[in-house]
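One-letter residues, chain by chain:
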Amino acid sequence: MTYLPPEIHFIPPKSSHQEAIKEVHIALSPVFEDLLAKTKISPKDIDVLIVNCSGFCPSPSLSSIMVNKYSMREDVKSFTISGMGCSASALAIDMAEKILKTHENFNAVILSTEILSTGWYPGKEHTMMVLNCVFRMGAAAILVSNKKEAKKRAKYKLLYSLRTQRAFDDKGYYSAFREEDSDGFTGVTLRRDLLQVAGETLRSNITILGSKILPYTEMIFYAYSIIKKKYLDKSTEIYVPNFKRVVQHFCLPASGKPVIREIGKGLKLGERDMEPALMTLHRFGNQSSSSLWYELGYIEAKERVKKGDKVWQLGMGSGPKCNGLVWECIRPIVGEAQRGVWADCIDKYPVLSVDKNSS
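Residues numbered from 1 in each chain as written. Predicted model: local features only at pLDDT ≥ 70, side-chain atom pairs only at ≥ 80, totals over all residues. Heavy atoms only, no water.

If you check an unreviewed UniProt entry, the protein appears there as very-long-chain 3-oxoacyl-CoA synthase from Rehmannia glutinosa. You can read under Catalytic activity (unreviewed entry) in the UniProt record for the protein the words "a very-long-chain acyl-CoA + malonyl-CoA + H(+) = a very-long-chain 3-oxoacyl-CoA + CO2 + CoA". Taken verbatim from the UniProt record of the protein, the Sequence similarities (unreviewed entry) comment is "Belongs to the thiolase-like superfamily. Chalcone/stilbene synthases family." (UniProt positions renumbered as here; feature names shortened; annotations may be inferred.)

Right under this line is the structure:
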């Protein structure tokens, strides 16, 4: 039940610039118009527009395409983020937050997608075929605002945003790398040590984030285990802080089942905690940076988010980089099962076919 753009349904797939531009409109226009309808704002009310897409960067830019199509104001601050991988949506939120801190009474819209028409790998290298298997079409539109009246309508308040990266390390830098194969076809090579790199990238991020949100007792246990392992007993396992003491819901990178399981294991999460990521991957595939919002939509459709709950969105992308967002729900969220992206199938989930013992 996942989706590919029309261009990919041809044999061989079409990958022209014109077809990619068509895909931009197919992906971004519906979610943007839906956001405007739900929030009751017009394109003229938008002060900041950030569009992220990793693999397709046309000229005029993707943000210019949207500004032109919807006749936005001449002073709208527009940005296009490319090449930042699956973490770009969380990165865009962090970027919007920084802008809103220096500009009062602003509305910022983030449009997140990945264009597949130009990213399809037609070659024969197995390590480059993985993205063809898991990446699928999807997009999300998010409104963040510091307007006073937004408090009455907003679902969440952003508490923390954190960005870390390991591009300084060659092993990490080349773990997911766009390059040409021996036949001249361009694709992304995923190296064998990708999971190890993901773990190292995640570890540095959660260590910093943990210092901001965890209770002192958890930090003391963690620090003590490090000291004990270093000076007293080398066999001591490093204590993994219990993030579930402060965070109720988790949106993990939907890069693939092994990645979800590995991150869940590292954070000592249960099946219910990993469920949004696993079900999003099962129903929609890996939609790159927009997957985090499909996962949040899943939690909302299940009506699990209560006022006061914390949601942790964790985006990881090539580079490698890790971007984390912690939100607090500030009002009851009901009725999303009937009007969100999961409306036609939420009652069918969770499914047993993504059981931890399945292949």
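Moving on from the model shown.
Caption draft 1: Examining helix α7 (residues 194-213) more closely. Taking 1.5 Å of rise per residue, the 20 residues of α7 would be expected to cover 28 Å, and the 28 Å separating its terminal C-alpha atoms lies within 8% of that figure. Among the residues of α7, V197, A198, E200, T201, L202, N205, I206, L209, G210 and I213 are the ones counted as buried. Where α7 is buried, its residues contact β5 (156-165), α6 (170-173), α8 (216-232), α9 (257-266), β9 (310-317) and β10 (321-329). (Helix = DSSP H or I, 4+ residues; strand = E, 2+ residues; numbered from the N terminus. Expected span 1.5 Å × (residues − 1). Buried < 20%, exposed > 50% of the residue type's maximum accessible area, 1.4 Å probe, protein only. Contact = heavy atoms within 4.5 Å.)

Caption draft 2: Looking closely at the sheet that holds strand β1 (residues 48-52). Spatially, β2-β1-β3-β4 is the arrangement adopted by the four strands of the open sheet, whose pairing is mixed. In this open sheet, the two edge strands, each paired with only one partner strand, are β2 (77-81) and β4 (139-145). Taking each pair of neighbouring strands and ignoring which way they run, the sheet shows an average axis angle of 15°. (Pairing = 2+ DSSP bridges. Axes fitted to C-alpha atoms, helices over the stretch in contact; angles between N-to-C directions.)

Caption draft 3: Representation of the packing of helix α1 (residues 17-39) against helix α2 (residues 62-69) within the structure. As a packed pair, α1 and α2 sit with axes 11 Å apart at the nearest point and diverge in direction by 60°. What the angle tells us is that α1 and α2 run oblique. The handedness of the crossing between α1 and α2 comes out as right-handed. Every residue of α2 that contacts α1 at I21, V24, H25, L28, S29 and F32 is listed here: L62, I65, M66 and K69. Its residues assigned to classes, the contact of α1 with α2 shows seven nonpolar, two polar and one charged. (Parallel < 35°, antiparallel > 145°, perpendicular 65-115°, else oblique. Left-handed = near helix turned anticlockwise from the far one by under 90°. Nonpolar A, V, L, I, M, F, W, Y, C, P; charged D, E, K, R; others polar.)

Caption draft 4: Expanded view of the environment of I206. Relative to the assigned elements, I206 resides in helix α7. As a C-alpha pair, I206 and G324 span 118 residues in sequence and 8.4 Å in three-dimensional space. With sequence-adjacent residues up to four places away left out, I206 is seen in contact with F243, L267 and W312.

Caption draft 5: Region of the structure containing the packing of aromatic side chains. Summed over all chains, the structure comprises twelve aromatic pairs. Measuring from ring centre to ring centre gives 4.9 Å for Y173 and Y174, while their planes differ by 90°; the resulting arrangement is edge-to-face. When the ring of F243 is compared with that of W312, the centres are 4.9 Å apart and the planes differ by 35°; the resulting orientation is tilted. Taken as a pair, F243 in the loop between α8 and β8 (249-251) and W312 in strand β9 lie far apart in primary sequence, 69 residues in all. Under the relative-accessibility criterion, F243 is labelled buried at 2%. For W312, a relative accessible area of 1% puts it in the buried group. Here the aromatic cluster, defined as three or more aromatic residues joined through ring pairs, consists of F284, Y294, Y298, W342 and Y349. Directly above the ring of F10 sits K14, whose terminal nitrogen or CZ lies 4.0 Å from the centroid. Over the ring of F284 we find R283; its NZ or CZ atom is 4.3 Å from the centre of that ring. (Phe/Tyr/Trp six-rings, centres within 6.5 Å; stacked < 30°, edge-to-face > 60°. Lys NZ or Arg CZ within 6 Å of the ring centre and 35° of its normal.)

Caption draft 6: Examining the UniProt feature "domain: Beta-ketoacyl-[acyl-carrier-protein] synthase III C-terminal" (unreviewed entry) in the protein more closely. Per the UniProt annotation, the sites labelled "domain: Beta-ketoacyl-[acyl-carrier-protein] synthase III C-terminal" (unreviewed entry) are residues 247-328. For residues 247-328, helix accounts for 43% and strand for 23%, while the C-alpha atoms at its two ends are 9 Å apart.

Caption draft 7: Region of interest: the sheet that holds β8. Taken in spatial order, the four strands line up as β5-β10-β9-β8 in an open sheet, and their pairing is mixed. A single partner strand is all that each edge strand has here, and the edge strands are β5 and β8. Mean inter-strand twist for the sheet, computed between neighbouring axes without regard to direction, equals 15°. Alignment of β8 against β9, held across three bridges, turns out to be parallel. By the bridge assignment for β9, F250 is matched with W312. Where α7 meets the sheet, its contacts fall on β5, β9 and β10, and the angle it forms with β5 comes to roughly 135°.

Caption draft 8: Structural view of the pattern of salt bridges. What the rule picks out here adds up to 19 salt bridges. Its salt-bridge partner being E200, residue K171 comes within 3.5 Å of it at the nearest N-O pair. Within this pair, whereas K171 is found in helix α6, its partner E200 is found in helix α7, the two being separated by 29 residues in sequence. Residue classification places K171 among the partly exposed positions, given a relative accessible area of 30%. The partner of R191 in a salt bridge is E179, with the nearest N and O atoms 3.5 Å apart. (Salt bridge = Lys/Arg side-chain N within 4 Å of Asp/Glu carboxyl O.)

Caption draft 9: Expanded view of the packing of α9 against helix α10 (residues 271-284). Running from amino to carboxyl end, α9 crosses α10 at an angle of 165°, the nearest separation of the two axes being 10 Å. As the angle between them shows, α9 and α10 are arranged roughly antiparallel. Judged by the sense of rotation from one axis to the other, the crossing of α9 with α10 is right-handed. Residues K257, I260, R261 and G264 of α9 touch α10, and the partners they reach there are E271, M274, A277, L278 and L281. Here the residues of the contact of α9 with α10 are counted per class, giving five nonpolar, one polar and three charged.

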